[in-house]
Amino acid sequence: MDLDDQLRRYFGTADLAAISPDALDAGVEHMRVDFGLETDRARRFALWTLLHMIGAAPALDVAFADPRDREAARNFMDLAARDEPA
C-alpha cells in the first residue's frame, strides 16, 4: 500500500493539510468501514496504521483478535512515538 494512494483514495488528496474537516470525517468513516471488511491481515494492519496516524484508530483489543497483530501494532505505536517532537 502506498501512503499517497491511500490518502487520495480516502480523502481525495495526498496533502493532509488540504483536507477539510468534513472530508476528513467522511474519509475516516470510509476507512473504518473498509477496515472492518478487510480480511487480508497485511492490508488490515496498513489501514489501522493510517487510522492511527490521523488519530482515528480503534483500540487494539477491538481492532485485532490475534495477539501477534496487537503486539505488532504496539511496536508500531512505540516507533511512531519516537519520531514525535518532544
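This report concerns the structure included in the present document.

Conventions we followed
Residues numbered from 1 in each chain as written. Predicted model: local features only at pLDDT ≥ 70, side-chain atom pairs only at ≥ 80, totals over all residues. Heavy atoms only, no water. Axes fitted to C-alpha atoms, helices over the stretch in contact; angles between N-to-C directions. Helix = DSSP H or I, 4+ residues; strand = E, 2+ residues; numbered from the N terminus. Left-handed = near helix turned anticlockwise from the far one by under 90°. Contact = heavy atoms within 4.5 Å. Nonpolar A, V, L, I, M, F, W, Y, C, P; charged D, E, K, R; others polar. Polar contact = N/O pair within 3.5 Å; in protein donor to acceptor, adjacent residues only side chain to side chain. Core = buried A, V, L, I, M, F, W, Y, C linked by side-chain atoms within 4.5 Å. Buried < 20%, exposed > 50% of the residue type's maximum accessible area, 1.4 Å probe, protein only.

### Describing the packing of helix H3 (residues 41-53) against helix H5 (residues 67-82)
- Following both chains from N to C, one finds H3 and H5 inclined at 35°, their axes separated by 11 Å at the closest point. In this structure, the crossing between H3 and H5 has a hand that is right-handed. Between H3, through Arg41, Phe45, Trp48, Thr49, His52 and Met53, and H5, the contact on the second element is made entirely by Arg68, Asp69, Ala72, Ala73, Phe76 and Met77.
- Of the residues that constitute the contact of H3 with H5, the class distribution is 7 nonpolar, 2 polar and 3 charged.

### Considerations on the environment of Asp2
- In this fold, Asp2 is placed in the segment before helix H1 (3-11).
- Distance from Asp2 to Met31, taken between C-alpha atoms, is 15 Å for residues 29 residues apart in sequence.
- Within polar-contact distance, the side chain of Asp2 engages the backbone nitrogen of Asp4 at 3.1 Å.

### Some thoughts on the nonpolar core
- Within the largest apolar cluster, 16 residues are counted, with the highest numbers of intra-cluster contacts made by Phe11, Met31, Phe35, Trp48, Leu51 and Phe64.
- Within the residue set of this core, elements represented by two or more residues are H1, helix H2 (21-37), H3 and helix H4 (60-63).
- For this core, the leading source of residues is H3, giving 4 residues.
- Each residue touching Phe35, except ones within four places of it in the same chain, is listed here: Arg44, Leu47, Trp48, Leu51, Pro58, Ala63 and Phe64.

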